[in-house]
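Remarks on the overall topology
Spelled out from the first residue to the last, the chains are:
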Amino acid sequence: MSAIAERGYAKPDVLVDTQWVADHLNDPNVRLIESNEDQLLYPSGHIPGAVQVDWARDLNDQVRRDYVDQKNFEALMARIGVTRDTTVVFYGDKNNWWATYAFWVFQLFGHTNAKVMDGGRLKWEKEGREMTRDVPSYTPTKYEAPARDDKTIRAFKEEVLKHSAAGKPLVDVRSPEEFRGERTHMPDYPQEGVLRGGHIPGAKSVPWARAANPEDGTFKTAAELKEIYEEEQGLKASDDVISYCRIGERSSHTWFALTYLLGYPTVRNYDGSWTEYGNSVGVPVEK
Amino acid sequence: MSEVNAPAPLRRLVEDFEFVDRAERMELLVEYADKFEEVPERIAHRPFPRENHVVRCESDAYVWVEDREDGTQKYYFAVENPQGVSARAWAAVMDETLSGQPLEEVAKTDPEVIFRLFGKELSMGKGQGLMGMLDHVTSAARRKLHAAHEG
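Figured I'd write up the structure that's included with this text. What you are looking at is a predicted structure, and each value in this text was computed from that prediction instead of being measured.

This next bit is on the overall build of chain B. Counting its secondary structure elements, chain B contains six helices and two strands. Over its C-alpha trace chain B gives a radius of gyration of 15 Å, about what one expects of a compact globule, namely 15 Å for 151 residues. Taking the principal axes of the C-alpha coordinates as reference, chain B spans close to 45 × 35 × 25 Å. Looking at chain B as a whole, 54% of its 151 residues qualify as buried. Contacts in chain B between residues far apart in sequence, at least 24 positions, make up 65% of those at least 6 positions apart.

Shown next, in the form of structure tokens:
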């Protein structure tokens, strides 16, 4: 894969490569954050000095279906020893799927001093770089976050309905089977199920992982991303775009690619996604 | 919490997990992953046959079954994805708690045990894969029981 600076991204500074991370392992102004789907990965070994941000425990409200509030986000940042000036660098499993999800939640609180390690855990491991089971502990900070911004990069169901009715672009990043309504939930686990299969009218199907190179989890070049989202699906940088999946995590990967790699100014992630939409009474569904 | 259908060693493990917090749960599961032993050469070698592959598992897991003289079965596993820590942990748990157990009980093992061990927030993809591994084991137990009844 070519160097990040040569891939034609709109905001290349948001990505760092594994060597950059290796060079900043002892940089007090950098905090490495591992976020995974598989909660056993971090305790089984991680990049030295990295802390874990667990999407279920740290990013979600523990009672309501929502993200942590300002107070709990401040507590999280204090616990991992981050100030407003610290550069946070996310990485994780599954082509950085959960890393971009954590990145997105951090942006709800305006922590713009944030980057993603291209290729994530997989690339770091494949390169045979150092891993440890030592869990670091940092001096707690006093972190003051602004109130959570639910307008700029987050979309709610009522907004999605208006958006769809107005014919504005939506990107459905789930699998083609989910898009076509052939699969609604996993067998034996109906709690995560939805009552209707299909997609939001007008949505284009672009499975999220198409933005990444399967062999090492790095992001595709801007030209390759444009071929997928613009030439194939007809999106334009001037579009107002909403991405969604089942609960808003896979779609944060696409939100990241459109916002930072292609530089689209108006992209929102609908975190209610299909588990909300497909259970809603009377909403239009397309198959 | 209500009891789940599973052979006694697995039921006991599920009960033990009820008293640990999330961090301890993860540590215990990593210990299981560390104990994981891949299928021995005498049972299978690469390239592994597709019939032993777990279809829904992103960790690229395989399951083998060996009939024992005492009428029970021994279960073997391979996990090809190096990031498949949960799959390795679950394989080690299944070997420890299902191998050698009465087939009637193995066959009826409730997939709910996976969520009791790994936590209810287990993601859809991960849950599917782990349940797929269990399916191979319970199906093998059912087939053997069925064959015994037929015979």
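Glancing now at the overall build of chain A. For chain A, the helix and strand inventory stands at 11 helices and 10 strands. Rg of the C-alpha trace for chain A: 18 Å, near the compact-globule value of 19 Å for 287 residues, within the 12% margin. Expressed as lengths along the three principal axes of its C-alpha atoms, the size of chain A is roughly 55 × 45 × 35 Å. When each of the 287 residues of chain A is scored for burial, the buried share is 57%. Across chain A, every contact between residues at least 6 apart in sequence was considered, and the portion connecting residues at least 24 apart equals 76%. Of the roughly 11800 Å² of accessible surface on chain A, 49% is carried by carbon and sulfur atoms. Of the side chains in chain A, 36 bear a positive and 45 a negative charge, and the two mean positions are spaced by 4 Å.

What follows concerns the side chain of Gln-107 of chain A. Residues and elements named next belong to chain A. Note on placement: Gln-107 falls in helix α5 (residues 97-108). Classification of Gln-107 by relative accessible area gives buried; the value is 12%. Other than its neighbours up to four places away in sequence, Gln-107 contacts Thr-112, Ala-114, Ile-153, Trp-255 and Tyr-260.

Residues and elements named next belong to chain A. Going residue by residue along strand β5 (residues 114-117), you find Ala-114 and Val-116 tucked away on one face and Lys-115 and Met-117 tucked away on the opposite face as well. Alignment of strand β1 (residues 15-16) against β5, held across two bridges, turns out to be parallel. Residue pairing in the sheet places Val-16 in a bridge with Met-117 of β5. Sheet topology note: the strand β4 (residues 87-91)/β5 ladder contains three bridges and is parallel. Counted as the bridge partner of Val-88 is Ala-114 from β5. Handedness of the β-α-β unit built from β4, α5 and β5 comes out right-handed.

What follows concerns the interface of chain B and chain A. Listed by partner, the interface residues are 24 residues for chain B and 26 residues for chain A. For the chain B and chain A pair, buried surface summed over both sides reaches about 2100 Å², with 59% attributable to carbon and sulfur atoms. Interface area lost by chain B to chain A is led by Arg-22, Gln-83 and Met-124 of chain B, which between them contribute 33%. Applying the counting criterion to the chain B and chain A interface returns four salt bridges. The partner of Asp-38 of chain A in a salt bridge is Lys-126 of chain B, with the nearest N and O atoms 3.7 Å apart. Scanning the region where chain B abuts chain A turns up three residue pairs in polar contact (both at pLDDT 80 or more). Within the residue set of the side of chain B that touches chain A, elements represented by two or more residues are α2 (22-35), α3 (85-98), α5 (112-118) and α6 (124-150) of chain B. The element that contributes the greatest number of residues to the side of chain B that touches chain A is α6 of chain B, accounting for six residues. Tallied by class, the residues present in the side of chain B that touches chain A amount to 11 nonpolar, six polar and seven charged.

Residue and element names in this part refer to chain B. For α3, spanning 14 residues, the distance from its first C-alpha to its last is 19 Å, which sits close to the expected 20 Å at 1.5 Å a residue. Most of α3 sits out of view: 11 of its 14 residues are buried. Restricting attention to buried positions, one finds in α3 the residues Val-85, Ser-86, Ala-87, Ala-89, Trp-90, Ala-91, Ala-92, Val-93, Met-94, Thr-97 and Leu-98. Positive phi appears at Gly-100, one or two residues downstream of α3, with a value of about 80°.

Conventions adopted
- Residues numbered from 1 in each chain as written.
- Chains lettered and ligands numbered in written order.
- Predicted model: local features only at pLDDT ≥ 70, side-chain atom pairs only at ≥ 80, totals over all residues.
- Heavy atoms only, no water.
- Helix = DSSP H or I, 4+ residues; strand = E, 2+ residues; numbered from the N terminus.
- Rg over C-alpha atoms; globule rule 2.2 N^0.38 Å.
- Buried < 20%, exposed > 50% of the residue type's maximum accessible area, 1.4 Å probe, protein only.
- Contact = heavy atoms within 4.5 Å.
- Areas by Shrake-Rupley, 256 points an atom, 1.4 Å probe, with all protein chains shown as cover.
- Lys, Arg positive; Asp, Glu negative; His and termini not counted.
- Charge placed at Lys NZ, Arg CZ, Asp CG, Glu CD.
- Pairing = 2+ DSSP bridges.
- Right-handed = clockwise from strand over helix to strand, strands pointing away.
- Buried area = accessible area lost by both parts, 1.4 Å probe.
- Salt bridge = Lys/Arg side-chain N within 4 Å of Asp/Glu carboxyl O.
- Polar contact = N/O pair within 3.5 Å; in protein donor to acceptor, adjacent residues only side chain to side chain.
- Nonpolar A, V, L, I, M, F, W, Y, C, P; charged D, E, K, R; others polar.
- Expected span 1.5 Å × (residues − 1).

Remember that the coordinates give geometry; whether it matters functionally is a separate question.
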